[in-house]
Amino acid sequence: MKLRDMRKALDGKEISSKELTKAYLENIKKYDDKLECYITVTEEGALAQAEKAQAVIDSGEAQSLTGIPLAVKDNICTEGVKTTCSSKILESFVPPYNATVMEKLNSQSIVMLGKTSMDEFAMGGSTQTSAFKKTKNPYNVDCVPGGSSGGSAAAVAADLAPAALGSDTGGSIRQPSAFCGVTGIKPTYSRVSRYGLVAFASSLDQIGPIAKNSYDCGLILNAICGFDPHDGTSSKLEVPDFTAKIGQSVKGMKIALPKEFFADGIDDEVRSSVLKAADEYKAMGAELVECSMPSLKYAVPCYYLLACAEAASNLSRYDGIKYGHRTPKADSYEELIIKSRSEGFGEEVKRRILLGNYCLSSGYYDAYYRKALALRQLIREQYNAIFEKCDVILTPTTPAVAYSPEKTADPVEMYQADICTVTVNIAGLPAVSTPCGYDKNGMPIGLSIIGRKFDEQTVLQVSDAYEQGFMPVAPKL
């Protein structure tokens, strides 16, 4: 059931918030052992929240999300509820405060079903680097759900939550949304407060929703966006109604197709499915504009230099002293830090910390990090040049469909798989992924709509226009 249908059912007294919550909790009990979407299920808290929400509904003061159950990625701080980032180093961490997005959602009396699994510290594209739950893809449990927000995307796809929050640093909302056949949007950088989001790469991270369609994503964006004095990077721009343009015609719009996103390295079925979607837009009256983005070939190294440098800096706070895992066996201060980190961090996190410290070190800073910053500016300029002529950009979300966990053994191959998503984070743009087809094995394929900064309204309008004529296929659990 979609969120707007739930709103009607709740307000029309066809169902209570508690009944709705219980239905999702039952699904979690039935299927989560198989899929491993949740690290923590907050059943008792959810039922209590549902009762409070029902009182608000009965009073006639319900807001758009009042009484609706949601799942939350486990790197978003939730007061009194464990927040692990899928890492042993934070295995027992219970935040003493809520992230700003949680405060905003709680002000609408939502119901939190639990915290979803993810790649450790959001570092990965498979949810297989999680120290606790290695989530499966609902369309084929022998495949990964994508990452790092794999638990959130899989939960929405499998009806273990109607919608969920994720975070996106280099594609971590859009890639799992594509792999799991759902819709997810990364808002413009600074649109949503990062206060209470456990930091990976602070100039790239952004919280966003994953749901069944673009309209539902817009409803959640309406609730979580806005300036926050706790986050110095958050935008003071007025927050519009992100659903306002949904349903409007795309006739006359110019949709860019950068040739590099459809070149070698993109699976044939993915390419043909996305180009078929482009033809659908043409049939709706949009104009397709072929263009070029030459910097795409440098995007992955640029992204990993920037992200790993920031990760190395952000993760230096985990020293085994103030909070987080502390080794029981250390004879000195230095040994305490080394052993606590060695025991607490997983292999992928260690790899990225090493990469980050290397590119920031004396003698390599100019050769690597400074060049990555210059490339970031070039990528922004090339996007700006395209947006001078076009309204949105259409690309595949991923080069291929979901794959088996064995493929994650090669880190370089995994990094290259981010080619279609990372430039959006580098440039700070909004982008949505929505399903546009299925391959010969029934695995979902996602298309991505990229927009100008702070133009989430148009991005959602364009993705919704495609969704109106697309019939999604639910996974068979």
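Residues numbered from 1 in each chain as written. Predicted model: local features only at pLDDT ≥ 70, side-chain atom pairs only at ≥ 80, totals over all residues. Heavy atoms only, no water.

**Student:** Explain the overall build of the protein here, please?
**Tutor:** Along the protein, the regular secondary structure elements total 15 helices and 11 strands. The globule rule puts the C-alpha radius of gyration for 477 residues at 23 Å, and the 21 Å found for the protein is close to it. Seen along its three principal axes, the alpha-carbon backbone of the protein occupies a region of about 70 × 55 × 45 Å. Counting the 477 residues in the protein, one finds 60% classified as buried. Here the analysis covers contacts within the protein between residues at least 6 apart in sequence; of these, 75% occur between residues at least 24 apart. (Helix = DSSP H or I, 4+ residues; strand = E, 2+ residues; numbered from the N terminus. Rg over C-alpha atoms; globule rule 2.2 N^0.38 Å. Buried < 20%, exposed > 50% of the residue type's maximum accessible area, 1.4 Å probe, protein only. Contact = heavy atoms within 4.5 Å.)

**Student:** So what exactly am I meant to see when it comes to the pattern of salt bridges here?
**Tutor:** Two side chains that carry opposite charge are able to pair once their charged atoms sit near each other. Scanning the model with the defined rule gives 20 salt bridges in all. Of the charged contacts in the structure, one is a salt bridge between Lys13 and Asp58, with a shortest N-O distance of 3.8 Å. Of this pair, Lys13 sits in the loop between helix H1 (3–11) and helix H2 (17–35) while Asp58 sits in helix H3 (residues 43–58), placing them 45 residues apart in sequence. Connected through salt bridges with shared partners, the residues Glu26, Lys29 and Glu43 form a single ionic network. (Salt bridge = Lys/Arg side-chain N within 4 Å of Asp/Glu carboxyl O.)

**Student:** Looking at this model, I keep getting lost on the sheet that holds strand S6 (residues 207–211). Mind explaining?
**Tutor:** Where strands meet in a sheet, backbone hydrogen bonds hold them as pairs that are either parallel or antiparallel. Spatially, 11 strands are ordered S1-S3-S2-S4-S6-S5-S10-S11-S9-S7-S8 in an open sheet, and the strand pairing comes out mixed. One side of each edge strand has no neighbouring strand; the edge strands of this open sheet are strand S1 (38–41) and strand S8 (287–291). Within this sheet the neighbouring strands show an average axis-to-axis angle of 30°, counted without direction. Bridge analysis of strand S9 (residues 392–396) against strand S11 (residues 444–451) gives five bridges, and the strand direction is antiparallel. Bridging from a neighbouring strand, Leu394 pairs with Ile449 of S11. (Pairing = 2+ DSSP bridges. Axes fitted to C-alpha atoms, helices over the stretch in contact; angles between N-to-C directions.)

**Student:** Help me understand the side chain of Arg174, please; the structure alone is not making it clear to me.
**Tutor:** Looking at the secondary structure, you find Arg174 in helix H6 (residues 174–180). On the accessibility criterion, Arg174 (0% relative accessible area) is buried. Polar contacts involving the side chain of Arg174 include one to the side chain of Asn425, which spans 2.7 Å. (Polar contact = N/O pair within 3.5 Å; in protein donor to acceptor, adjacent residues only side chain to side chain.)

**Student:** What am I meant to see in the environment of Thr78 here?
**Tutor:** Secondary-structure assignment places Thr78 in the loop between strand S2 (69–73) and helix H4 (100–107). Counting along the chain gives 255 residues from Thr78 to Tyr333, while the straight-line C-alpha distance between them is 31 Å. Once residues within four sequence positions are removed from consideration, Thr78 is found in contact with Thr83, Pro95, Tyr97, Asn98, Met102, Met112 and Lys115. Engagement of the side chain of Thr78 in a polar contact is seen with the side chain of Thr83, the distance being 3.3 Å. For Thr78, the side chain forms a polar contact with the side chain of Lys115, separated by 2.9 Å.

**Student:** So what exactly am I meant to see when it comes to the pairing of S2 here?
**Tutor:** For a regular strand, side-chain orientation follows a simple rule: the groups alternate between the two sheet faces. The element S2 is extensively covered by neighbouring structure, given that five of its five residues are classed as buried. Note that S2 and strand S3 (residues 111–116) share five bridges and pair parallel. Its bridge partner being in S3, Pro69 is matched across the sheet by Val111. Chirality of the crossover, the property in question, places the unit of S2, H4 and S3 among those that are right-handed. (Right-handed = clockwise from strand over helix to strand, strands pointing away.)

**Student:** Would you mind going over the side chain of Thr397 with me for this structure?
**Tutor:** Checked against the element boundaries, Thr397 lands in the loop between S9 and helix H13 (411–416). Here the side chain of Thr397 touches Ser433 through a polar contact of 2.9 Å, side chain to side chain. Looking at Thr397, its side chain comes within polar contact range of the main-chain nitrogen of Ser448, at 3.5 Å. The residues contacting Thr397, other than those within four sequence positions of it, are Arg174, Gln175, Ala178, Cys420, Thr421, Ser433, Gly446, Leu447 and Ser448.

**Student:** What am I meant to see in the nonpolar core here?
**Tutor:** Nonpolar side chains in soluble globular proteins tend to be buried together. The biggest cluster of nonpolar side chains holds 144 residues, and the ones touching the most others in it are Phe121, Ile224, Tyr281 and Tyr383. Looking at which element gives the most residues to this core, the answer is helix H9 (residues 299–314), with 11 residues. If we skip the residues at most four places from it in the chain, Ile224 touches Val101, Lys104, Leu105, Leu165, Val192 and Ile207. (Core = buried A, V, L, I, M, F, W, Y, C linked by side-chain atoms within 4.5 Å.)

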